Amino acid sequence: MLNISKGINSLSNFKRNTTEFMEQLRETGQPIVLTVNGKAELVVQDVESYQKLLELVERVETIEAVKMALEEMKAGKGEPAHVE
């Protein structure tokens, strides 16, 4: 499991060391939380990890839609599909 608290840095530190942070992002695939005035404000991550996250969200949304459809079917709602 990802421990996001290990990747916390200030936005000003990120600005000063952007190249190093970009290298870290590519190597680890772990996001970095950036703070402004000590408060978490942004999350930065590499493109590949972000794409995986989007695909995972889409998969979960699809699973939830199927679960809802099955529950409706069990409750007698909806109409059967007519295949000709």
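Along each chain, numbering runs from 1 in the same order as the chain's sequence is written. It should be noted that, the model being predicted, local features are given only for residues of pLDDT at least 70 and side-chain atom pairs only at 80 or more, the latter also being counted only at that level, while totals for whole chains, interfaces and linings use all residues. Values reported for side chains reflect all heavy atoms of the structure, with hydrogen atoms and water molecules removed beforehand.

> Even after reading the chapter, I still don't get the sheet that holds strand β2 (residues 32–36), so can you show me in this structure?
The pairing of strands in a sheet happens through backbone hydrogen bonds and is either parallel or antiparallel. Pairing within the open sheet is mixed, and its three strands lie in the order β1-β2-β3. Looking at strand neighbours, the two that pair on one side only are β1 (8–10) and β3 (39–44), the edges of this open sheet. The sheet shows a mean angle of 40 degrees between the axes of neighbouring strands, direction not considered. Any two strands with at least two DSSP bridges between them are considered paired. For the purposes of this entry, the term helix denotes a DSSP run of H or I that reaches at least four residues, the term strand denotes a run of E that reaches at least two, and both are numbered from the N terminus. Relative to β3, β2 is paired through five bridges, and the arrangement is antiparallel. The residue of β3 that forms the bridge with valine 33 is valine 43. An axis is simply a line fitted to the C-alpha atoms; with a helix, the fit covers only the stretch in contact. Between two such axes, the angle follows the N-to-C directions and lies from 0 to 180 degrees.

> Could you clarify how one ought to interpret the domain arrangement of the protein chain in this entry?
One frequently used descriptor of interface size is the decrease in accessible area upon assembly of the parts. An automatic or database domain assignment provides the domain bounds reported here. Each domain of the protein chain was delimited in the assignment, giving domain 1 (1–44) and domain 2 (46–75). Each of domain 1 and domain 2 has a C-alpha centre, and these two points are 28 Å apart.

> Looking at this model, I keep getting lost on the packing of aromatic side chains. Mind explaining?
Two measures describe an aromatic ring pair: the distance that separates the ring centres and the angle between the ring planes. Pairing of aromatic rings covers Phe, Tyr and the six-membered ring of Trp, with a centre-to-centre limit of 6.5 Å; geometry is then stacked below 30 degrees between planes, edge-to-face above 60, and tilted otherwise. Applying the stated criterion across every chain, the model contains one aromatic pair. Ring centres of phenylalanine 14 and phenylalanine 21 lie 5.2 Å apart, and the angle between their planes is 40 degrees; on these two criteria the pair is classed as tilted.

> What is the right way to look at the pattern of salt bridges in this model?
Oppositely charged side chains can pair when the atoms bearing their charge come close. Each salt bridge in this description consists of a side-chain nitrogen of Lys or Arg and a carboxyl oxygen of Asp or Glu lying within 4 Å of one another. Enumeration over the complete set of coordinates arrives at three salt bridges. With a closest N to O distance of 3.9 Å, glutamate 41 and lysine 39 form a salt bridge. Measuring nitrogen to oxygen at the nearest pair gives 3.7 Å for the salt bridge that ties glutamate 48 to lysine 52. Residue glutamate 48 and its partner lysine 52 are located together in helix α3 (residues 47–74), separated by four residues, close to a single helical turn. For glutamate 48, a relative accessible area of 53% translates into the label exposed. Three labels apply to residues, based on accessible area from a 1.4 Å probe with only protein chains included: buried if under 20% of the type maximum, exposed if over 50%, partly exposed otherwise in between.

> Please clarify how the pairing of β2 should be interpreted in this entry.
For β2, the tally of buried residues reaches four of five residues, placing the bulk of the element in the interior. Here three bridges tie β1 to β2, and the two strands are oriented parallel to one another. Directly across from serine 10, in β2, lies its bridge partner threonine 35.

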